[in-house]
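Architecture and fold: a report
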2 protein chains.
Amino acid sequence: MSLQSRRPQTVKVRDVAREAGVAVGTVSRVLNDHPTVTRELRERVERAMADLGYEVDVTAQSMRAGRSRLVACAIRDFDIPRFALFIKEAEAVLREAGYTLLLASTTNRPDVEISLLRAFRRRRVDGVMMTLSDEEHRDVRQALSEAPMPVLLIDRDCVGALDRVTADHRQGARLATGHLLGLGHRRIAMLVGDTKAFPSRSRLEGFREAHAAAGIAPDSRLVRDNVLSSEDAYRATASLMGGTNTPTALFVAAMDMLGGCLRALRTMGLAVGDRLSVVAGSDSDLAELHTPPITSIEWDLAAMGRHAAIMLLERMRGDEIERGRGLTVPTELIIRGSSRPPAN
Amino acid sequence: MSLQSRRPQTVKVRDVAREAGVAVGTVSRVLNDHPTVTRELRERVERAMADLGYEVDVTAQSMRAGRSRLVACAIRDFDIPRFALFIKEAEAVLREAGYTLLLASTTNRPDVEISLLRAFRRRRVDGVMMTLSDEEHRDVRQALSEAPMPVLLIDRDCVGALDRVTADHRQGARLATGHLLGLGHRRIAMLVGDTKAFPSRSRLEGFREAHAAAGIAPDSRLVRDNVLSSEDAYRATASLMGGTNTPTALFVAAMDMLGGCLRALRTMGLAVGDRLSVVAGSDSDLAELHTPPITSIEWDLAAMGRHAAIMLLERMRGDEIERGRGLTVPTELIIRGSSRPPAN
């Protein structure tokens, strides 16, 4: 490959040093973000680099300094529009701090998570924020414990030594379930995702706690887990509503699964609101603009992204901070027309 | 930084060579993807590396080989759920070929596009696929012409020497407008995005062509451009429907802008279908599950992602292929209940 030869780079470090009126070693220290460099000195050198058109060779630089100025964010998939709020905010904070955010999808598979961690390590990524498909997976935990760079978990818990940013899904599910119980529903069905991971596990807890608080036993046959795609939500809804002993309320707790559920109800000729109340586990244009509008749980994903980036930056700077910090953003319930008292 | 020292790497290239029964230079050639390495030899060396737990130092390797095995994809934002289909498919093809896909957002700003191109170059990214905020922007065109790696444009045209993958938005807009004209509409409003970029420019052309084919002059006051956010769509809809001389049909041609438009109509107490027909420029759960369901334009974003990855891989291999290849996927119109003959 001739990439190298096609990259003109006639400006040398010594030219920058001369232009800035400093020693070559000072330019080096600036390039390597050495802590002893004053702000004034840094700015003088950076101005000289800009004036001369000096281009930092990041690859060569990371060979020397052992760092890449890359932060990686690995999530299951990029098809959840609200998650873009997390990415946008995290990227803004990281860019401000001089880092490029690299995104990758885990496709919710432990082997991909492990191989991404390996790839990040090889590329000397400075920090990682990620979700996990299964917090108890032994090989994933091993890979996390061996990672040479800080890893922050997104909406995951249970790997004690790692920082994490979570939403209070238990609270959200407790609010949603309590709201439905308060309206008089006794047969509440629930669709959740992978209960090996924090969000669905927490939602199940909240669901049970709300029932316990009302002195009512939930019917476990009305709880469907592993709802991870629109097709899963369609099938689970069709199976719940097609059987005997159907629920009077449906809590679609898994994120972004409302579409599949509503598609099944439409196919079956079941209107939302009259015979069946529906509550969505995350807000969306679809929930807000549906007829009737869908009662939804909401939380601040932009704040999660901001906190994730700030906490990871602190950890990457190696500040003397305790291990395993956790930050939780609250959830709230937006009550709309899709949740009503049960018919009869 | 002590990342380097924390990375145990006692297995050397010479150990791999001994294990595989080959010369050290052969291992080197495998690591650098040298074209003379046979498949059998490659597999033997890779097996030895796996057995010994040899970890390729990609940074060091890319220093030597001048390549990083990274492909970057830069798009405006990650909040368009259907675009995840493009990314997912492109990533699968690239992963299969041994590349890691790095994603970044341009926030639709030329300066960010230029600085990302610079960052990709510094990191020796092997290939780039990206959108552009303004195909005519002089500095962006300059940066593209200086890029040392192949760049493929996503849904952009006009930069002649670059490969591109586009959707036939002109055809989609022609179908949608022709459908509304055929129903009897004569006052058709249109919301488009940034007309400096290919998709909106093409949609405008299709809109005008359909009018010309029907021998009808479109009212240019009913065309609103620069609709780039949900809030823009809300305001444009409110302004169109709040004035005198309101349209009988609204073609929300910009991608993913239906939510803002429907929110404005709801606020104004205007029902879709009766007094106002609506056609969406891209399909979504919201369009499909709205009451009434919204007539929409649709195209195969997964196929676009697949073709983009394949064309970029070909270019990166340096195959002897002509410059500036273009591939266009067709668009179709899904007719639903939101488009009806005008009242009276």
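What counts and how
Residues numbered from 1 in each chain as written. Chains lettered and ligands numbered in written order. Predicted model: local features only at pLDDT ≥ 70, side-chain atom pairs only at ≥ 80, totals over all residues. Heavy atoms only, no water. Phe/Tyr/Trp six-rings, centres within 6.5 Å; stacked < 30°, edge-to-face > 60°. Helix = DSSP H or I, 4+ residues; strand = E, 2+ residues; numbered from the N terminus. Buried < 20%, exposed > 50% of the residue type's maximum accessible area, 1.4 Å probe, protein only. Lys NZ or Arg CZ within 6 Å of the ring centre and 35° of its normal. Pairing = 2+ DSSP bridges. Contact = heavy atoms within 4.5 Å. Axes fitted to C-alpha atoms, helices over the stretch in contact; angles between N-to-C directions. Salt bridge = Lys/Arg side-chain N within 4 Å of Asp/Glu carboxyl O. Polar contact = N/O pair within 3.5 Å; in protein donor to acceptor, adjacent residues only side chain to side chain.

- Going by what an unreviewed UniProt entry lists, chain A is known as Transcriptional regulator and is assigned to Bradyrhizobium betae.

1. Re the packing of aromatic side chains
All names here are of chain A.
- Going through the model one piece at a time under the given rule, you end up with 2 aromatic pairs over all chains.
- Relative to F86, the ring of F83 lies with its centre 4.8 Å away and its plane at 15 degrees, an arrangement referred to as stacked. Placement of both F83 and F86 in helix 6 (residues 83–96) is noted, with a separation of 3 residues, approximately one turn of the helix.
- In this structure F83 comes out as buried when scored by relative accessible area, which is 12%.
- Just above the ring of Y99 sits the side chain of R69; from NZ or CZ to the centre is 4.6 Å.

2. Some remarks on unusual backbone geometry
- Here the bond from T291 of chain A into P292 of chain A is cis, since omega is -10 degrees, no more than 30 degrees from zero.
- With respect to the helices, strands and loops of the structure, P292 of chain A is situated in the loop between helix 13 (285–289) and strand 10 (295–299).
- Of note in the backbone geometry, D155 of chain B takes a positive phi value of approximately 55 degrees without being a glycine.
- The topology assignment puts D155 of chain B in the loop between strand 4 (151–154) and strand 5 (163–167).
- By relative accessible area, D155 of chain B is classed as buried at 10%.

3. Quick look at the sheet that holds strand 10 (residues 295–299) of chain B
All names here are of chain B.
- With mixed pairing, 6 strands are arranged side by side in an open sheet as 7-6-8-9-10-12. Pairing within the sheet leaves two strands with one partner each, and these edge strands are strand 7 (223–224) and strand 12 (331–334).
- Here strand 10 pairs with strand 12 via 4 bridges, running antiparallel. The partner of S296 across the bridge, within strand 12, is I334.
- Here helix 11 (residues 230–242) sits on the sheet in contact with strand 6 (188–191), strand 7 and strand 8 (249–252), set at roughly 160 degrees to strand 6.

4. What about the sheet that holds strand 12 (residues 331–334) of chain A?
All names here are of chain A.
- In space, the 6 strands of this open sheet follow the order 7-6-8-9-10-12, with mixed pairing throughout. Edge positions in the sheet fall to strand 7 (223–224) and strand 12, since each of these pairs with one other strand and no more.
- As judged from the 2 bridges shared by strand 6 (residues 188–191) and strand 7, these two strands associate in the parallel manner. The residue of strand 7 that forms the bridge with M190 is V223.
- Along the sheet, helix 11 (residues 230–242) makes contact with strand 6, strand 7 and strand 8 (249–252), crossing strand 6 at roughly 160 degrees.

5. Focus: the pattern of salt bridges
- A complete count under the given rule lists 46 salt bridges over all chains for this structure.
- With a closest N to O distance of 2.8 Å, D77 of chain B and K88 of chain A form a salt bridge. Remark: K88 of chain A occurs in helix 6 and D77 of chain B occurs in the loop between strand 1 (70–75) and helix 6 (83–96); the pair is interchain, linking two chains.
- Owing to a relative accessible area of 43%, K88 of chain A belongs among the partly exposed residues under this scheme.
- Overlapping salt bridges bring together D163, E314, R315 and R325 of chain A as one network.

6. Regarding the side chain of E135 of chain B
Residue and element names in this part refer to chain B.
- Among the structural elements, E135 can be located in the loop between strand 3 (127–130) and helix 8 (138–146).
- At a separation of 2.8 Å, a polar atom in the side chain of E135 contacts the main-chain amide nitrogen of F198.
- A distance of 2.9 Å separates polar atoms of two side chains, one belonging to E135 and the other to R201.

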